[in-house]
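Each chain, written out:
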Amino acid sequence: MAIATINLTFILDAKNWMTQFNQNDKKYMMYALELAQKGAEQGEVPVGAVLVQFDEAGNAAVIGRGFNQPIAKHDPTSHAEIVALRDACRNLNNYRLPENTSLYVTLEPCTMCVGALIHARLNRLVFATTEPRAGMVGSQANLLAQDFYNHNIKVQSGLYADESAQILQDFFRKRRNMKKTQLTNNSKD
């Protein structure tokens, strides 16, 4: 059995990023950013994900959504992408995604999430900002460029990257400040 090669579409040219994304892309990434903010409000690392199915006419329907929830769910696999996949698969009553499904996620996926996206047969991944420490779609490695997978995922990145990065930076700054305050209060006791 022949194994298909991965067909990646990386569009990383900062000068042209506005023209590479359409209005639907912008709309659904904004929704993912809202979900990330919701996660931050609950004390979770702010990452949001939205799965959207497009039909031949270009109509779109959200089929799954999620934000990071490993703390609340006591589940290390509850990353935003996995939560959105579980939501979509439950809604569709199928473990595979329909053709022409795109995932909009605010942070570059990790190893676990890339594997799940391949198994679910995602068509297109759009992520906002890179994850320099553990990103597996270009930052630390590019798992989707490996030739041993039997599924291709198109990839685009950079849509609202600054906004996503800012939400993450604000979250971790707030968390560091809270820890400093706790340490200061504990040392006074």
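As the structure is a computational prediction, the values presented were derived from the model and not from experiment.

Calculation notes
Residues numbered from 1 in each chain as written. Predicted model: local features only at pLDDT ≥ 70, side-chain atom pairs only at ≥ 80, totals over all residues. Heavy atoms only, no water. Axes fitted to C-alpha atoms, helices over the stretch in contact; angles between N-to-C directions. Helix = DSSP H or I, 4+ residues; strand = E, 2+ residues; numbered from the N terminus. Parallel < 35°, antiparallel > 145°, perpendicular 65-115°, else oblique. Left-handed = near helix turned anticlockwise from the far one by under 90°. Contact = heavy atoms within 4.5 Å. Nonpolar A, V, L, I, M, F, W, Y, C, P; charged D, E, K, R; others polar. Buried < 20%, exposed > 50% of the residue type's maximum accessible area, 1.4 Å probe, protein only. Expected span 1.5 Å × (residues − 1). Polar contact = N/O pair within 3.5 Å; in protein donor to acceptor, adjacent residues only side chain to side chain.

Asker: How would you sum up the packing of helix α4 (residues 80-92) against helix α5 (residues 111-120)? Please name residues and give values.
Answerer: Here α4 crosses α5 at 25 degrees, and the two axes come no closer than 9 Å. Taken as axis vectors, α4 and α5 run roughly parallel relative to one another. Along this stretch, α4 crosses α5, giving a crossing that reads as left-handed. On the side of α4, the interface is formed by E81, I82 and L85, while α5 contributes M112, C113, A116, L117 and A120. Of the residues belonging to the contact of α4 with α5, the class tally is seven nonpolar, no polar and one charged.

Asker: Can you lay out unusual backbone geometry for me, pointing to particular residues and giving the numbers?
Answerer: In this structure, H74 takes a positive phi of about 55 degrees despite not being glycine. Secondary-structure assignment places H74 in the loop between α3 (70-73) and α4. Located in the positive-phi region is Y160, a residue other than glycine, with phi close to 60 degrees. Of note, Y160 is situated in the loop between β5 (154-157) and α6 (161-188).

Asker: Give a detailed account of the environment of F67, specifying residues and quantitative values.
Answerer: Counting through the fold element by element, F67 comes out in strand β2 (residues 60-67). What makes F67 buried here is its relative accessible area of 7%. When neighbours within four sequence positions are excluded, F67 is seen to be in contact with L35, K38, G39, Q42, V47, G48, S78, A80 and V83.

Asker: Talk me through helix α2 (residues 23-41); I want residue IDs and the actual numbers.
Answerer: Taking 1.5 Å of rise per residue, 19 residues should cover 27 Å, and α2 covers 27 Å from first to last C-alpha, within 8% of that figure. Those residues of α2 lying buried are D25, K26, Y28, M29, A32, L33, L35, A36, G39 and A40. The N-terminus of α2 is capped by N22, whose side-chain oxygen sits 2.9 Å from the backbone nitrogen of N24. Where α2 terminates, the next one or two residues include G43, which has phi positive at roughly 85 degrees.

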